[in-house]
Amino acid sequence: MNLGLEYTDPRLVELYDAANPRGADTEFYLRLADSLQAQVIVDLGCGTGLLTRELARGERRVFGVDPSPAMLAVARRGPGAERVRWIVGDSSALEAWGADLAVMTGNVAQIFLDEEVWLATLRDLRRALRPGGVLAFESRNPAARAWEQWNRAQTFTRMETPSGPLEEWLEGGEGRDGRGHFHGHNVFLATGEVLVIDSVLRFRTRDEICSSLAACGFAVEHVYGDWEGGPLTDDSRVMVFVARRGEP
């Protein structure tokens, strides 16, 4: 997997949680874990582990898996990190852990551009779950056309960082062939260094994702249009999938 600088440059990784703070999505996954009484949980693409560490309550066994050593270095320094088993790798690192719940958060599902890689990831997640275990993740709703808001006017921010003031914005957002293309600009004002990150995300429809899940042995139980469990509509910015692994 080719990781962008936002996942590998230590200066940007340190700022990840500030740009992606705890929110309604965190609460959704915590409630889901509690409602399932999940005791073994897998967080694939866990990043800096903000949610992963919160999931690691009581006697739970929690696995945080991410391909970026820089992201996991931050995760391991967070409060409660000792309660999580951190693993550097992609879905191929998952084992038959008999998990009750597996999650992919932060729109991780959209980084899998190639269909075969996406299906292989779902099959790996199925292997990590026990029969009847639950997979939950979200993906941006293509009907909401999020890429149209990916421009400097709507995304510009400036923040103070350990490396000095940083300006960030997105530019050139366009959607074609089920993909959103954009460039992330990062300007370190103290040095004048400019990092431009070219990114592509896959925007699968509800039907495409449901078909993928079915092909990999999952039964879709819910597709929500928000983090409160509301219905999915064309105006919904997010699609939240909850699917259950079938019997062997």
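Below is a short write-up of the structure. (Residues numbered from 1 in each chain as written. Predicted model: local features only at pLDDT ≥ 70, side-chain atom pairs only at ≥ 80, totals over all residues. Heavy atoms only, no water.)

**Description of the packing of aromatic side chains**
What the rule picks out here adds up to 12 aromatic pairs. When the ring of Trp118 is compared with that of Phe137, the centres are 5.9 Å apart and the planes differ by 80°; the resulting orientation is edge-to-face. Taken together, the residues Trp118 in helix H7 (residues 115–128) and Phe137 in strand S5 (residues 129–140) connect sequence positions 19 residues apart. With respect to burial, Trp118 and Phe137 carry one shared label: buried. Connected via pairs of aromatic rings, a cluster forms that spans Phe28, Tyr29, Tyr224 and Trp227. One residue, Arg152, lies across the ring of Trp169, its end atom 4.2 Å from the ring centre. (Phe/Tyr/Trp six-rings, centres within 6.5 Å; stacked < 30°, edge-to-face > 60°. Helix = DSSP H or I, 4+ residues; strand = E, 2+ residues; numbered from the N terminus. Buried < 20%, exposed > 50% of the residue type's maximum accessible area, 1.4 Å probe, protein only. Lys NZ or Arg CZ within 6 Å of the ring centre and 35° of its normal.)

**As for the sheet that holds strand S4 (residues 99–104)**
Overall, mixed pairing links the 7 strands, which are arranged S3-S2-S1-S4-S5-S11-S10 in an open sheet. Bordering the open sheet on either side are strand S3 (84–88) and strand S10 (218–224), each of which pairs with just one other strand. Taken over all neighbouring pairs, the strand axes of this sheet differ in orientation by 20° on average, direction set aside. Across 6 bridges, the pairing between S10 and strand S11 (residues 238–245) is antiparallel. Counterpart to Phe218 in the pairing with S11 is Arg245. (Pairing = 2+ DSSP bridges. Axes fitted to C-alpha atoms, helices over the stretch in contact; angles between N-to-C directions.)

**Quick notes on H7**
Look at H7: 20 Å from first C-alpha to last across 14 residues, which is about the 20 Å you get at 1.5 Å a residue. Three or more residues of H7 are buried, namely Trp118, Leu119, Thr121, Leu122, Asp124, Leu125, Arg126 and Ala128. In this fold, the buried residues of H7 make contact with strand S1 (40–44), S4, S5, helix H9 (206–215), S10 and S11. Here H7 starts with a cap whose side-chain oxygen sits 3.0 Å from the backbone nitrogen of Glu116, and that cap is Asp114. (Expected span 1.5 Å × (residues − 1). Contact = heavy atoms within 4.5 Å. Polar contact = N/O pair within 3.5 Å; in protein donor to acceptor, adjacent residues only side chain to side chain.)

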